[in-house]
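# Close look at the chain arrangement
Residues per chain, in single letters:
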Amino acid sequence: MSISITPAIYPTLDLLSAITPFASVAGQIDQQRALAQWLEDWIRTELGGVPVLAVSEQTAQNAPPLVHMCIDRQAEKTLVLYNMYDVMPADDAGWEFPPFSGGVSEWPGVGEVFIARGAENNKGPLAGMLMALKSLCDSGKLSANIEIILEGEEETGSGQLRRYLAQDPCPVSTASAVFFPSLCEYGGGEPRVYLGFSGLSGGRLKVSGGKWGGPSAAIHASNANWIANPVWRLVAALNAIAPAHNSGVIARQVIDEEANRLLCALAAQFSITDELRFRRSETLSVSGDTLACLQQLINGAVLNISEIRSDPLESRGVIPRSASAEIALRVPPGIDGENLLAVIRQTLARPEFDGVELELDDSYPGHRFAHHSPGVDALLTSYELQGAKPQIWPWAPGCAPAYTFARVAPAFLIGGLGHGGNAHGVNEFVTLHGLERFQQSVTEWITLFSVEPPFSTPAV
């Protein structure tokens, strides 16, 4: 196998290869802290960044540090660059290279790829973002003030970041836009621009035995005619909250005129078949034309169940003493997530669900901004300069803590060219060509943003 790497991308691959071995997974605080310190040192040395909040000063034992650095150019405009350094867990099974070592390969029909945990989400884009900044700094072409904020809890709700930004006064300077560089040529298709993001409430339902008739300790299953099983109570509670026949959707909203106009334009070029070609299409639970399917994708608040477990595990012959379900409620902007949580709590307060407890780890609302907010036109132009035709979505079906930056800037944009895949899965990858396109698009975006005219349209 012969791998041909463009010389321009070597430094970015070197940086990505340097941060890949840090197993910056939730719960691995030592690894997360080490990577945060490494990134702070790199930004200080290579970009001349000054810490606003030093990693060494963050002493919380169970929270990964924030990296908050400032590059002051005494410019009229300030841009906040946000990214993440945490990744999902991975073991070696099924990987072409060990996930926390990584390596370059060539895949038929895809091309040359870098394979590692975080290659797509989001260490690859983080490396490309930092190298784009370095190219601008080294050439003397950086003409905006930059604040860099990197967090280690994006995969688990961004609690530390949201508390940090909620301080009064806010520790982040008022900016024209917040930019979250990511690979947005999903599946190799046209790049996307999202004008908002869904909110997220994550946690679990728990049922413990005892007072309501379940066992206070695991007991032989022969007693099942006498003693209630907490798993059955958990399943009943889940079905009452989000009936199974609705696939977890607990509320929908009517798409407003502006959003529907964007969806109509999107439907004319969108292919559901292409979108789902890496998924099992027989599980698709939508019907109607492309527009109707897109409306269904983004207009519903949906409760996802990722895991149901009992204690003790792997013991068929007992009635367990407790059961739990890991849940995530995804709520689009326009639907009140707090009201949905209140309804869930009211349901669980019914007598038949005595002993069922909702335990939230974190919660944040969806957020939406205007079509011509700062940075949007620059993002569209950065795509078009490389021959791409961007898709504009009224908001993303996915979640991001966009709302928490609303007091900092009128827009929170996720964007960047580049193709990767298998995020959170085995053999996560970024194409080398995509990484090069990504870095170029970020460089162009920052440059165009610096000369973009002042913003006057209010956020939605």
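All values reported here derive from a predicted model rather than from experimental measurement.

Averaged over the chain, the pLDDT score is 91; the fraction of residues at 70 or greater is 95%. For the chain, per-element mean pLDDT is lowest for helix α7 (residues 272–275), which scores 74, and highest for helix α2 (residues 29–47), which scores 98.

A separate point is the packing of aromatic side chains. Each aromatic ring pair is characterised by the separation of its centres together with the angle its planes make. Applying the stated rule across the entire model yields 12 aromatic pairs. An aromatic cluster is defined as three or more aromatic residues linked by ring pairs; in this entry it consists of Tyr82, Phe180, Tyr194, Phe197, Phe270, Trp393, Phe405 and Phe412.

Here 6 strands make up an open sheet; going across it, the order is β1-β2-β6-β3-β7-β19 and the pairing mixed. Here the strands that pair on one side only, and so sit at the sheet edges, are β1 (50–53) and β19 (412–415). Strand-to-strand, the axes of this sheet are offset by a mean angle of 25 degrees, without reference to chain direction. Contacting β3 (78–84), β6 (145–151) and β7 (177–181), helix α3 (residues 123–139) crosses the sheet at an angle of about 150 degrees to β3. Lying over the sheet, helix α11 (residues 432–451) contacts β3, β7 and β19, oriented at roughly 175 degrees with respect to β7.

On to the nonpolar core, then. Among the nonpolar cores identified, the biggest contains 94 residues, and Ile43, Leu47, Leu130, Ile148, Leu150, Phe405 and Phe412 are the most heavily contacted of them. Filtering out sequence-adjacent residues up to four positions away, Leu130 remains in contact with Leu15, Leu39, Trp42, Ile43 and Leu47. By size, the runner-up hydrophobic cluster in this structure holds 24 residues, among which are Leu205, Trp212, Ala242 and Leu348.

Attention now goes to the sheet that holds strand β10 (residues 199–208). Strand order across the open sheet formed by 5 strands is β12-β13-β15-β10-β16, with antiparallel pairing between neighbours. Each edge of the open sheet carries a strand with a single partner, namely β12 (249–252) and β16 (356–364). Averaged over neighbouring strand pairs, the angle between their axes works out to 15 degrees when direction is ignored. When β10 meets β16, the two strands line up antiparallel, connected through 8 bridges.

That bond from Asn121 to Asn122 is cis: its omega, 0 degrees, falls within 30 degrees of zero. Assignment of secondary structure puts Asn122 in the loop between β5 (111–115) and α3. The step from Asp311 to Pro312 runs through a cis peptide bond, and the omega angle for that step is 10 degrees. Tracing the sequence through the fold places Pro312 in the loop between β13 (300–311) and β14 (318–319).

Moving on: the side chain of Ser198. The residue Ser198 is located in the loop between β9 (196–197) and β10 in this model. Here Ala396 takes part through its backbone oxygen, which lies 2.9 Å from a polar atom of the side chain of Ser198. In this view, Ser198 contacts Val331, Pro332, Pro333, Tyr364, Gly366, Trp395, Ala396, Pro397, Gly398, Cys399 and Ala400; residues no more than four positions away in its chain are not counted.

Each value, and the rule that gives it
Residues numbered from 1 in each chain as written. Predicted model: local features only at pLDDT ≥ 70, side-chain atom pairs only at ≥ 80, totals over all residues. Heavy atoms only, no water. pLDDT = per-residue confidence, 0-100. Helix = DSSP H or I, 4+ residues; strand = E, 2+ residues; numbered from the N terminus. Phe/Tyr/Trp six-rings, centres within 6.5 Å; stacked < 30°, edge-to-face > 60°. Pairing = 2+ DSSP bridges. Axes fitted to C-alpha atoms, helices over the stretch in contact; angles between N-to-C directions. Contact = heavy atoms within 4.5 Å. Core = buried A, V, L, I, M, F, W, Y, C linked by side-chain atoms within 4.5 Å. Buried < 20%, exposed > 50% of the residue type's maximum accessible area, 1.4 Å probe, protein only. Polar contact = N/O pair within 3.5 Å; in protein donor to acceptor, adjacent residues only side chain to side chain.

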